[in-house]
Amino acid sequence: QDISKEAKADFETLIKSGKGLVATHHCIASYQAWPEYTRMIGGKYYLQPYKENGQDKPASTYKHDVDVKVHVVDPAHPVTKGLADFEIHEETYSFFSVIPGMTPLLTTTEPTSSPTIAWCHTYGKARVVYLELGHDHLSYVNPNYRKLIRQSILWVANK
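Residues numbered from 1 in each chain as written. Predicted model: local features only at pLDDT ≥ 70, side-chain atom pairs only at ≥ 80, totals over all residues. Heavy atoms only, no water.

Colleague: What is the right way to read the overall build of the chain from this model?
Modeller: A tally of helices and strands in the chain yields four helices and 10 strands. Its helices and strands in sequence order give the chain the pattern α-β-α-β-β-β-β-β-β-β-β-β-α-α, from N to C terminus. Taken against the 2.2 N^0.38 rule, which gives 15 Å for 159 residues, the C-alpha radius of gyration of the chain at 15 Å falls within 12% of a compact globule. For the chain, contacts bridging at least 24 residues in sequence account for 61% of all contacts bridging at least 6. Carbon and sulfur atoms form 54% of the exposed surface of the chain, whose accessible area is close to 8600 Å². If the 17 positive side-chain charges of the chain are averaged to one point and the 17 negative ones to another, these points end up 9 Å apart. (Helix = DSSP H or I, 4+ residues; strand = E, 2+ residues; numbered from the N terminus. Rg over C-alpha atoms; globule rule 2.2 N^0.38 Å. Contact = heavy atoms within 4.5 Å. Areas by Shrake-Rupley, 256 points an atom, 1.4 Å probe, with all protein chains shown as cover. Lys, Arg positive; Asp, Glu negative; His and termini not counted. Charge placed at Lys NZ, Arg CZ, Asp CG, Glu CD.)

Encoded structure:
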C-alpha cells in the first residue's frame, strides 16, 4: 500500500507522457491513500468502510470461485473486438467504484459482482484498460481472457 513520493511522481509522469497501462484484478485495491492512482486506473476497491458525500459506504467485498457470465458491451472496440459474451470462472468484486468518464467494456449481472467489470479511458496522453478478471490460472487459460489481455496491451500501446 505504501508508495514513496518519488515513485508516485515517476509513475504519474510515465503514464501522463503516454505509456499505456493495463491494470488487472487485485491492483484496484492498491494505494488506498493515493487518489491519483484511482484516477489513473479509473476505479477503487475499498479495503475499509468509507464516507462519500456524508453517507456511510461499506467496504468492497469479494467472492472466490464464481462462474461469471460476461457481457461484451462494445464488440467493435479494439480491446473487445472478436469477442462475444462468455463465461469465466473468477473471483468477483462488489461495492467498488468506477469513476465517471470510464468507457465500459465488460459488464455482468452476477449478483456477487458490481455490474461494470472492465473499462478503458485516457489519462494524460496514455490509454488505460482495467480488467477485473484475472484472479488465477483458471482465468489465464480462458481463451477470452487471453484475447482481452493481448488486445488490451495492443490498444494501450497504440498498435
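Colleague: Can you walk me through the nonpolar core in this structure?
Modeller: In globular proteins that are soluble, nonpolar side chains generally tend to be buried together. F86, L106, V129, L133 and L148 are the most contacted members of the largest nonpolar core, which has 20 residues in total. Put simply, the parts of the chain that give this core at least two residues each are β5 (61-72), β6 (86-94), β8 (103-107), β9 (116-123), β10 (126-131) and α4 (143-156). Not counting the four nearest positions on each side in its chain, L106 is found in contact with V70, H71, V72, V73, T80, F86, P115, T116, I117, A118, L133 and L148. I15, I28, A29 and W34 belong to the second largest nonpolar core, which has 19 residues in total. (Core = buried A, V, L, I, M, F, W, Y, C linked by side-chain atoms within 4.5 Å. Buried < 20%, exposed > 50% of the residue type's maximum accessible area, 1.4 Å probe, protein only.)

Colleague: I keep staring at the pairing of β10 and nothing clicks. Help me out?
Modeller: Two faces, one strand: in a regular strand the side chains alternate between the faces of the sheet. Across the six residues of β10, five count as buried, placing the element largely inside the fold. One ladder, built from four bridges, connects strand β1 (residues 21-24) with β10; its direction is parallel. Bridge pairing in β10 links T24 to L131. For β9 and β10, the ladder comprises six bridges, and the chain directions are antiparallel. Across the sheet, the residue bridging to A118 is L131, located in β10. Here β9 folds back onto β10 in antiparallel fashion, the turn holding two residues, of which G124 has a positive phi close to 65 degrees. (Pairing = 2+ DSSP bridges.)

Colleague: I would appreciate a short explanation of helix α1 (residues 5-16) in the present structure.
Modeller: For the α-helix, the turn length of 3.6 residues means that residues three or four positions removed from each other point alike. Between its terminal C-alpha atoms α1 stretches 16 Å, which fits the 16 Å expected from 12 residues at 1.5 Å a residue. Directly after α1, the chain includes G18, whose backbone phi takes a positive value near 120 degrees. (Expected span 1.5 Å × (residues − 1).)

Colleague: Can you help me understand the side chain of S114 in this one?
Modeller: You can see S114 is positioned in the loop between β8 and β9. From its side chain, S114 meets the backbone nitrogen of F95 in a polar contact 3.1 Å long. Beyond its immediate stretch of four places on either side in the chain, S114 contacts Y93, S94, F95, F96 and T108. (Polar contact = N/O pair within 3.5 Å; in protein donor to acceptor, adjacent residues only side chain to side chain.)

So, to be careful, I would describe these as geometric facts and stop short of saying anything about function.
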